[in-house]
Amino acid sequence: MRLPRDRHDAAPDPVVPPAPSTIDLHTHTRRSDGILEPSALVAAAAGAGVQLLAITDHDTLAGYREVRAGTLPAGLELLPGVEINAIVADRPDLWESEVHVVGLGVDPGDERFEAALAGQRDARRRRFDRMLQRLRDLGLGVDAALDGTSTNDDDSLGRPTVARALIEAGHATSVEDAFQRYLSHGAPAYVPRTGLGPADAIRAIRDAGGLPVLAHFSEAPARIGVVRELIETGLGGLEVYYRTFDRRTVEAVGGVARALSLVPTGGTDYHGDTETYAQAHAALWVPPEVAPRLREAIEVTSRAIHP
């Protein structure tokens, strides 16, 4: 199974950052499946030296809006972002039959995009409720452990929230344990995801003026056909500098990005269950030259929507 990326074991041939990374384009908060409030994440990133940050919660821009309503730390630019788990029902060879598409630089005021995200969140809530019922049927109810979980329609519920409740209720020892025993594909409380497919997710991000980026797809060198299919639907970027990628994976995925003219991006994919943001950031290296190319690509996309 594949867990949220700050729960992976250390890479065998790790990237050694030559300096603290000033860029992190993939993070999560309590508005989806992270553990930090948006303001706390931003403060931690600024404290670690990040100058360009994207909050990419699953299917919601609530965290971005919450932070923008206040005052940003000096020297930090916050980019609106989102992550969509796109369903590829006819590709069982892909992990859980889905690919993850990050949208960077989307217009947070785009009503059609917000409607699409609201539909995604509704599907998540239905799946969440079905997982809870399956756990009840197994005699593993976690309702008490979920007291205080947000019911705000802007928040996006996911399996890590259920996993943490299983830990609190004494039914699992870690998020990884909860996934393996109950929540992953084939496990007794697993419920298949429903929602947008890759083409619709990419199109929605493009229509909102954002750059669609294929996230943490270490399989890219061996699955170039999949990447090409996504490019045909509008994919514009590839996450190359992913925190848990080892050196060889970064080089190989970077080669795919260059060969296919995709904008390289990178980030921690921070959720926060096993380490602080500072610890996650210490293993991240996103070259500074990523920022100007990303900004240019977003500007081109935005001009195409709003000439």
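Bear in mind that the values here come from a model prediction, so they are computed numbers and not experimental data. (Residues numbered from 1 in each chain as written. Predicted model: local features only at pLDDT ≥ 70, side-chain atom pairs only at ≥ 80, totals over all residues. Heavy atoms only, no water.)

### Some thoughts on helix H10 (residues 290–305)
With 16 residues, H10 should reach 22 Å at 1.5 Å per residue; the first-to-last C-alpha distance of 23 Å fits that figure. Looking at H10, one finds that the buried residues are Val-290, Ala-291, Leu-294, Ala-297, Ile-298 and Thr-301. Mapping the buried residues of H10 onto a view down its axis gives an arc of 130 degrees, with all of them on the same face. (Helix = DSSP H or I, 4+ residues; strand = E, 2+ residues; numbered from the N terminus. Expected span 1.5 Å × (residues − 1). Buried < 20%, exposed > 50% of the residue type's maximum accessible area, 1.4 Å probe, protein only. Arc of directions from axis to C-beta.)

### A look at the pattern of salt bridges
Tallied over the full model, the rule gives 18 salt bridges. Here Asp-13 ties to Arg-247 by a salt bridge, and the two come within 2.9 Å at their closest N and O atoms. Placement of Asp-13 in the segment before strand S1 (23–24) and of Arg-247 in helix H8 (residues 247–259) is noted, with a sequence separation of 234 residues between them. Asp-155 serves as the salt-bridge partner of Arg-31, at 2.9 Å between the closest nitrogen and oxygen. (Salt bridge = Lys/Arg side-chain N within 4 Å of Asp/Glu carboxyl O.)

### Remarks on the pairing of strand S2 (residues 52–55)
Here S2 shows no split at all, with Leu-52 and Ala-54 on one side and Leu-53 and Ile-55 on the other all buried. Bridge count for S1 against S2 is 2 bridges, and the pairing is parallel. In the sheet register, Ile-23 faces S2, and the bridge partner there is Leu-52. Crossover connection from S1 via helix H1 (residues 38–47) to parallel S2: handedness right-handed. Where S2 and strand S3 (residues 77–87) come together, 4 bridges link them in parallel fashion. Of the residues in S3, the one forming a bridge with Ile-55 is Pro-80. (Pairing = 2+ DSSP bridges. Right-handed = clockwise from strand over helix to strand, strands pointing away.)

### Considering the nonpolar core
Residues Phe-113, Leu-214, Val-227 and Leu-238 are the most contacted members of the largest nonpolar core, which totals 34 residues. Elements supplying a minimum of two residues to this core: S3, strand S4 (98–104), helix H3 (111–137), helix H6 (198–207), helix H7 (224–232), strand S6 (237–242) and H8. Formed by 21 residues, the second largest nonpolar core is a distinct cluster that contains Leu-140, Val-175, Phe-179 and Ala-189. (Core = buried A, V, L, I, M, F, W, Y, C linked by side-chain atoms within 4.5 Å.)

### Some words on H7
An α-helix turns once per 3.6 residues; consequently, residues spaced three or four apart project the same way. Along H7, the residues that are buried comprise Val-226, Val-227 and Leu-230. Projected onto a plane normal to the axis of H7, the buried residues spread over an arc of 100 degrees and lie on a single side. The elements touched by buried residues of H7 are H6 and strand S5 (211–214). In the segment just after H7, Gly-234 is the residue with positive phi, at about 120 degrees. (Contact = heavy atoms within 4.5 Å.)

### With respect to the layout of surface pockets
Here the second largest pocket is characterised by a volume of approximately 220 Å³. Contributing to the lining of the second largest pocket are 16 residues, with Val-15, Tyr-241, Arg-247, Val-250 and Trp-285 lying nearest its centre. Elements that contribute at least two residues to the lining of the second largest pocket include exactly S6 and H8. Take the lining of the second largest pocket: its biggest share by element is 5 residues, from H8. Classifying every residue of the lining of the second largest pocket gives 11 nonpolar, 1 polar and 4 charged. (1 Å grid on protein atoms, 1.4 Å probe; cavity = no way out; pocket = protein on both sides within 12 Å on 5 of 7 lines; lining within 4 Å. Points joined across faces, edges and corners; volume = space filled by probe spheres on them. Nonpolar A, V, L, I, M, F, W, Y, C, P; charged D, E, K, R; others polar.)

By themselves, these figures tell us nothing about what the structure is for.
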